[in-house]
Amino acid sequence: MTKAATSFRAKATTHRTLPLGIACLLALFAGAIFSLALAPYYLFPIAIISPMILYVLLLGAKNPRQAFWLGESYGFGVWAVGAFWLYHSIHNYGGVPAWAAVMLIGVMALIMGLFHAVMAWVFARFTARQPLAFAGLWVVQEWAKTWLLTGFPWLFVGYAFTDVSWLNGIAAVTGVFGLSFLAVLLAAALVELLRRKAGYFAIAMSLWMVTLSISLIGFAWTKPTGQTTRVSLIQGNIPQDLKWQEGAGIQTLGIYAGLSQSEWGRDIVIWPEAAIPMFQDEAQAQIDAIAKQAAQADSAWMTGILYRDSQDGTTQLYNSVLLTDQATSGIYHKQQLVPFGEYIPMGGLLDVLPGLEGMQGLASLSRGDAHQSPLSAKDQRVGVAICYEVAYPDTTRRNAIGTDFLLTVSNDAWFGTSAGPMQHLQMVQMRSLETGRYFVRATNNGVTAIINDKGQVISSLPQFERAVLRGDVPSMTGKTPFMIFGHYPVLVISIFLILLSILANRMNNTSAKKEKYYTAKGVADR
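Residues numbered from 1 in each chain as written. Predicted model: local features only at pLDDT ≥ 70, side-chain atom pairs only at ≥ 80, totals over all residues. Heavy atoms only, no water.

A. Here's a closer look at the overall build of the chain. A tally of helices and strands in the chain yields 17 helices and 15 strands. With 526 residues in all, the chain has 54% of them scored as buried. Restricting to contacts in the chain with at least 6 residues of sequence separation, those with at least 24 account for 69%. Summed over its atoms, the accessible surface of the chain is roughly 23,300 Å², and 63% of this surface lies on carbon and sulfur atoms. (Helix = DSSP H or I, 4+ residues; strand = E, 2+ residues; numbered from the N terminus. Buried < 20%, exposed > 50% of the residue type's maximum accessible area, 1.4 Å probe, protein only. Contact = heavy atoms within 4.5 Å. Areas by Shrake-Rupley, 256 points an atom, 1.4 Å probe, with all protein chains shown as cover.)

B. Local environment of the nonpolar core. Formed by 113 residues in total, the largest nonpolar core has its most connected members in Trp79, Phe134, Trp154, Phe161, Ile270 and Met302. The element that contributes the greatest number of residues to this core is helix α9 (residues 176–194), accounting for 13 residues. The residues touching Trp79, leaving out its near neighbours within four places in the chain, are Phe84, Met108, Ala109, Met112, Gly113, Lys145, Phe152, Trp154 and Leu155. Formed by 22 residues, the second largest nonpolar core is a distinct cluster that contains Ala275, Ile290, Ala291 and Ile305. (Core = buried A, V, L, I, M, F, W, Y, C linked by side-chain atoms within 4.5 Å.)

C. Geometry of the environment of Asn505. Here Asn505 shows up in helix α17 (residues 488–514). Along the chain, Asn505 and Thr127 lie 378 residues apart, while their C-alpha atoms are 5.6 Å from each other. Discounting residues that sit within four places of it in the chain, Asn505 has contacts with Arg125, Phe126, Thr127 and Ala128.

D. Summary view of the packing of aromatic side chains. What the rule picks out here adds up to 23 aromatic pairs. Consider the rings of Tyr55 and Phe123, whose centres lie 5.9 Å apart with planes at 55°: the pair is tilted. Pair noted here: Tyr55 is in helix α3 (residues 46–59) and Phe123 is in helix α6 (residues 98–126), with a separation of 68 residues, a long-range link. In textbook terms, an aromatic cluster arises when at least three aromatic residues are bridged by ring pairs, as seen for Trp79, Trp85, Phe152, Trp154, Tyr388, Tyr392 and Phe415. Its guanidinium or amino end placed over the ring of Phe279, Arg308 lies 4.4 Å from that ring's centre, counting from NZ or CZ. (Phe/Tyr/Trp six-rings, centres within 6.5 Å; stacked < 30°, edge-to-face > 60°. Lys NZ or Arg CZ within 6 Å of the ring centre and 35° of its normal.)

E. Summary view of the pairing of strand β12 (residues 457–460). By the bridge criterion, three bridges tie strand β11 (residues 449–451) to β12 in an arrangement that is antiparallel. The residue bridging Ala449 from the neighbouring strand is Ser460, located in β12. Linkage of β11 to β12, two consecutive antiparallel strands, is achieved through a turn of five residues, within which Gly455 is found at a positive phi near 80°. (Pairing = 2+ DSSP bridges.)

This is how it looks when you write it as structure tokens:
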């Protein structure tokens with residue numbers, strides 16, 4: 001091979017790449033705009049554009065180390081902007097100065113950005129850098145957020161399509177991760193189409209056509225039983241800075257009791273998370289009085305409350321939902337707890353850190369059993385999720401089995417007028433789609449809502465108002481495929497595609513090493 005030919009070949013196979021700093025800024029921008037795809041903005045095409053930009057940048061990464069920083073920049077942008085609603089809680093209710101609250105969010109974004117960073121590193125280091133591996137790795141990193149270090153399952157790509165009726169029907173089959181896979185695959189496949197590689201785009205469009213067919217046909221995985229339950233959801237709108245003040249518990253209880261006076265006689269009257277800001281043994285007299293009033297009107301009553309369980313010399317504290325009915329009573333204990341908000345993680349390891357000595361002496365809530373039975377109110381079996389745990393697809397899936405409808409109670413007053421409460425509501429809508437059941441949502445200050453089995457909000461109350469939402473909730477029977485199989489089919493397929501890409505990459509590398517070419521001195525390995 002002549003020098004001229006060698007020079008021409010080198011130029012033809014060299015790709016112009018951006019300096020790493022500029023590429024990281026573009027990745028940061030791509031991550032920062034992602035939350036515009038979610039509530040309350042609903043610009044769902046950005047859920048395709050945002051991963052598309054990251055894919056382009058990763059194709060140009062010279063090595064896995066560069067890919068890692070591109071992924072970290074992207075993830076930092078996603079979390080610094082998408083979860084900035086935490087600032088309201090940290091600063092306004094945590095007493096943290098504004099500058100320190102911003103720094104804490106930055107640290108959180110750096111940590112959560114590691115999920116995308118590791119994903120990008122694996123993509124560049126081991127795979128053939130193609131769309132199927134990219135989409136598979138994306139699903140795996142989202143899934144890891146549901147369990148690693150107790151999880152923070154927020155800001156998933158699939159949530160952007162919650163209100164897209166011609167696409168969201170697949171959620172009953174694959175869950176939110178299936179929607180994430182489809183969106184990210186299409187994003188990467190569009191890039192490959194521009195690079196004149198139409199095969200991946202054909203695969204993506206085939207999967208999208210199947211998804212469209214399932215959504216438009218509207219398979220009835222679950223169906224109404226014919227029974228309806230008349231519910232009243234009480235939104236007390238108690239200011240967060242007053243709710244937990246000493247002596248405010250009785251006042252708060254009185255507000256909820258007053259709003260409920262006109263509702264006794266309906267099937268179930270529901271108060272939100274920690275509507276009674278005391279342990280049940282401290283408020284037993286008031287609980288008995290309200291339960292008696294409900295029973296006299298032939299109503300069931302459900303309320304969020306702190307629960308203290310003392311047995312065999314040990315005391316367990318729970319964030320709970322209490323049910324009283326003429327025929328039955330019941331209790332549900334929250335399973336997924338908020339780190340540092342409801343419990344102190346990492347055992348005694350924190351004691352060695354400056355300023356954190358003795359944190360284990362603070363009271364932590366206990367985790368409820370993973371296999372609690374539904375609560376039974378007015379002959380209806382109600383699956384319960386308390387606040388943050390509704391973000392966990394698998395937890396809600398388990399709680400939905402054998403139920404007539406679902407209930408979540410929450411207190412989003414911590415997050416003010418930020419996007420947090422609307423993102424939270426959007427996840428409840430997705431859980432309705434996944435389980436094919438109505439979801440009743442009672443909150444302190446919004447968004448209190450009733451969501452149908454198609455994930456549509458059919459009625460709601462304005463935020464930051466003291467009011468009551470009344471509605472009739474149909475009971476549903478049957479199981480969606482997601483309720484039966486969970487996220488495992490999508491996860492297994494994703495891992496399989498990743499492994500195939502890794503194998504293809506190794507085969508390509510082996511083939512390249514064995515390729516020979518002719519020189520003036522003879523035959524040489526390339």
